[in-house]
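Given next are the chains, with one letter for each unit.
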Amino acid sequence: MTEPRDETNGLADAGDSQWPLWEVFTQERTGAPHEHAGSVHATDAEQAIQNARDVYARRGKVVSIWVVPSIDITATSPGDAGPFFDPGSDKAYRHPQFYRTPHGVRVY
Amino acid sequence: MGYGQPPDEPETGAGSEAPASVEPLRQSADVVAPSATSHGSADPVVEFLLRLGDDRLVLGHRLSEWCGHAPILEEDIALANIALDCIGHASLLLARAGALEGAGRDEDALAYHRDAVEFRNALLMELPNDDFAFTIARQFLVDAFAFHAFQALAAAPDEDTAGIAAKAHKETTYHLRHSAEWMLRLGDGTAESHVRAQRALERAWPYTGELFAEDAVTRAVAERGWPADVAALRAPWLRTVTDVVTRATLELPDDGFMHHGGRQGRHTEHLGHLLAEMQIVARSHPGATW
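A word on the nonpolar core
- Membership of the largest hydrophobic core comes to 78 residues, with the highest contact counts inside it found for F48, F140, L141, M183, W226, W237 and V241 of chain B.
- Sorting elements by how many residues they give to this core places helix α5 (residues 132-153) of chain B first, with 15 residues.
- In this structure, L141 of chain B is in contact with L201, A204, W205, T208, W237 and V241 of chain B, ignoring residues within four places of it in sequence.
- Counting 9 residues, the second-largest nonpolar core is a separate cluster that includes V24, V40, A48 and A57 of chain A.

So, the packing of helix α1 (residues 44-64) of chain B against helix α10 (residues 269-284) of chain B
Residues and elements named next belong to chain B.
- One can describe the packing of α1 onto α10 by two numbers: an axis separation of 11 Å at closest approach and a directional angle of 75°. With respect to α10, the axis of α1 lies roughly perpendicular. Contact residues: α1 offers L57, V58, H61 and R62, while α10 offers H270, L271, L274, E277 and M278.
- Classifying every residue of the contact of α1 with α10 gives 5 nonpolar, 2 polar and 2 charged.

Here we look at the interface of chain B and chain A
- Residue-level contacts link 12 residues of chain B with 15 residues of chain A.
- Buried area between chain B and chain A, both sides added, is near 1300 Å², and the carbon and sulfur share of it is 47%.
- Put simply, chain B and chain A have 3 salt bridges between them.
- When the shortest N-O distance is used, the salt bridge between E46 of chain A and R177 of chain B registers 2.8 Å.
- At the boundary of chain B and chain A, one finds 8 residue pairs in polar contact (both at pLDDT 80 or more).
- Every element with two or more residues in the side of chain B that touches chain A is listed here: α2 (73-101) and α6 (159-187) of chain B.
- Residue contributions to the side of chain B that touches chain A peak at 6 residues, all from α6 of chain B.
- Counted by class, the side of chain B that touches chain A contains 5 nonpolar, 2 polar and 5 charged residues.

Let's talk about the environment of A42 of chain B
Residue and element names in this part refer to chain B.
- Following the sequence through the fold, A42 ends up in the loop between β2 (31-33) and α1.
- We classify A42 as exposed; its relative accessible area is 66%.
- On a C-alpha basis, the gap between A42 and R120 in space is 14 Å, while along the polypeptide they are 78 residues apart.

The rules we used
Residues numbered from 1 in each chain as written. Chains lettered and ligands numbered in written order. Predicted model: local features only at pLDDT ≥ 70, side-chain atom pairs only at ≥ 80, totals over all residues. Heavy atoms only, no water. Core = buried A, V, L, I, M, F, W, Y, C linked by side-chain atoms within 4.5 Å. Buried < 20%, exposed > 50% of the residue type's maximum accessible area, 1.4 Å probe, protein only. Helix = DSSP H or I, 4+ residues; strand = E, 2+ residues; numbered from the N terminus. Contact = heavy atoms within 4.5 Å. Axes fitted to C-alpha atoms, helices over the stretch in contact; angles between N-to-C directions. Parallel < 35°, antiparallel > 145°, perpendicular 65-115°, else oblique. Nonpolar A, V, L, I, M, F, W, Y, C, P; charged D, E, K, R; others polar. Buried area = accessible area lost by both parts, 1.4 Å probe. Salt bridge = Lys/Arg side-chain N within 4 Å of Asp/Glu carboxyl O. Polar contact = N/O pair within 3.5 Å; in protein donor to acceptor, adjacent residues only side chain to side chain.

The values reported here are purely geometric and, on their own, carry no functional implication.
Below, the structure is given as structure tokens:
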């Protein structure tokens, strides 16, 4: 039911030519959520951090990087979309949308 | 391997000092053409900055040769990033040298319109990349040097140079981290990577002595209050190198014969080819901009 994204296009046995895949999340400024920036290949965590910095953090504003082995990410599959997400949008009474956000409160 | 160099030439002997009268380079049509007798600048501070600037320029160029050829995509990007950092340092250092020289040469004139005999980089920088292990070993040895050298240079009496050095030190800290980690992975890796890494270390080692060689230029610059005691950088450099080499399960090569000559403009046969590639566009279209 839940499978990590297969980046090797089915060539799961790419063997020597591909290192393990890591997902990269970068943070634009302190306090902001880390956002998915992409993926890198690396042999271990330290190399993943360095590769992520070289590939994703050289041009934009990045103050923090997280890397996670792709294999450790559990994701919903497209087939789950209905049962998981559908009932939410047509029940207005479940959402706090009748309040005005006070001045100065940052909405991410 | 400098040509025409006697085997035991001492640092203070003939050939290590600038000639008594140095002709300034002649300028023509905004392109600075070298004269037959020009070997460098009469100002030791300019010479000192040219050495460091040429180091970064030649090393940056060597690293850029990996673009499109690195073993894996992420490493291709990493090496290109580091090459750009080095070239950035070169640009700033050469610009400062040109400004202090006061002969109207900017960083482009110095980078693209000097001949090999006028370059002051250490020989270690111009050696061909060979295999990935040699590239990494050379990079590691240079990064360890540059880390300590820029740290010292951040105390230079010239404010611009101090600023350049402080910024370069930050970037070099990352370079050192990158190349040190690769030394660990190659040394403490497979049997093949271990052999290649050890061989790379042995090949590069005889070129490291030049980085710490004192001569008339470094002494003259030190007299002007600059932190130019390059020999004093060897101890912290060796500590950094020994730590990583040991953890990489490699052996520190013995100190033996050390190559010299780059600082005096006596280069290996490799620099000419490197400059031919690096300078061809600028020399074909002098003064062009885009």
